[in-house]
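Architecture and fold: a report
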Amino acid sequence: MKFETLMLRGLFVACLLVCGLVLGAMVNASPEAIRLAAAGSAGQLISPTACALPPDGVVCPRASNG
């Protein structure tokens, strides 16, 4: 009975350790996209007034009508 109790406690501690490490990794993770957005380098690729699609008057309004 003593051996089983020791094994169960060891398994419980190991599971808590693994869960703590996974939670810590998720909290401290910083993907490349988030770092780019925080640095502002991704937003400088496209100017805020430019439309990514061809201007057709519906999706992207035209700057001049005439």
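The preceding data block contains the structure.
Since we're looking at a predicted model, the values are computed, not measured. (Residues numbered from 1 in each chain as written. Predicted model: local features only at pLDDT ≥ 70, side-chain atom pairs only at ≥ 80, totals over all residues. Heavy atoms only, no water.)

1. Description of the overall build of the protein chain
Stated precisely, the cut-off is as follows: In DSSP terms, a helix is any run of H or I states spanning at least four residues, a strand is any run of E spanning at least two, and both are numbered starting from the N terminus. Using a 1.4 Å probe on the protein chains alone, a residue whose accessible area is under 20% of its type maximum counts as buried, one over 50% counts as exposed, and one in between counts as partly exposed. Note on areas: Shrake-Rupley with a 1.4 Å probe; residue coverage comes only from the protein chains shown.
When helices and strands are tallied, the protein chain shows two helices and zero strands. Counting the 66 residues in the protein chain, one finds 2% classified as buried. Accessible area of the protein chain: about 6200 Å², with a carbon and sulfur share of 71%.

2. Focus on helix H1 (residues 2-28)
This is how the line gets drawn: Expected span of a helix, by definition, is 1.5 Å for each gap between consecutive residues, and there is one gap fewer than residues.
Taking 1.5 Å of rise per residue, the 27 residues of H1 would be expected to cover 39 Å, and the 39 Å separating its terminal C-alpha atoms lies within 8% of that figure. Counting buried positions over the 27 residues of H1 gives zero, only a small fraction of the element.

3. Considering a nonpolar patch on the surface
Our working definition: Distance thresholds for patches are 9 Å for like charges and 5 Å for nonpolar side chains (Val, Leu, Ile, Met, Phe, Trp, Tyr), applied to residues having over 30% relative accessible area and no salt bridge. In what follows, salt bridge is the name for a side-chain nitrogen of Lys or Arg lying within 4 Å of a carboxyl oxygen of Asp or Glu.
Together, Val-18, Val-22, Leu-23, Met-26 and Val-27 give the surface a local cluster of nonpolar side chains, amounting to about 500 Å² of exposed area. Here Met-26 shows up in helix H1. Owing to a relative accessible area of 59%, Met-26 belongs among the exposed residues under this scheme.

4. Topic: the state of the cysteines
Where we set the bar: Disulfides are defined as cysteine sulfur pairs within 2.5 Å.
Within this structure, the stated rule accounts for zero disulfides. Just so you know, Cys-15 is unpaired, no disulfide at all, and the nearest cysteine sulfur is the one on Cys-19, 6.5 Å from it. A relative accessible area of 41% means that Cys-15 is categorised as partly exposed.

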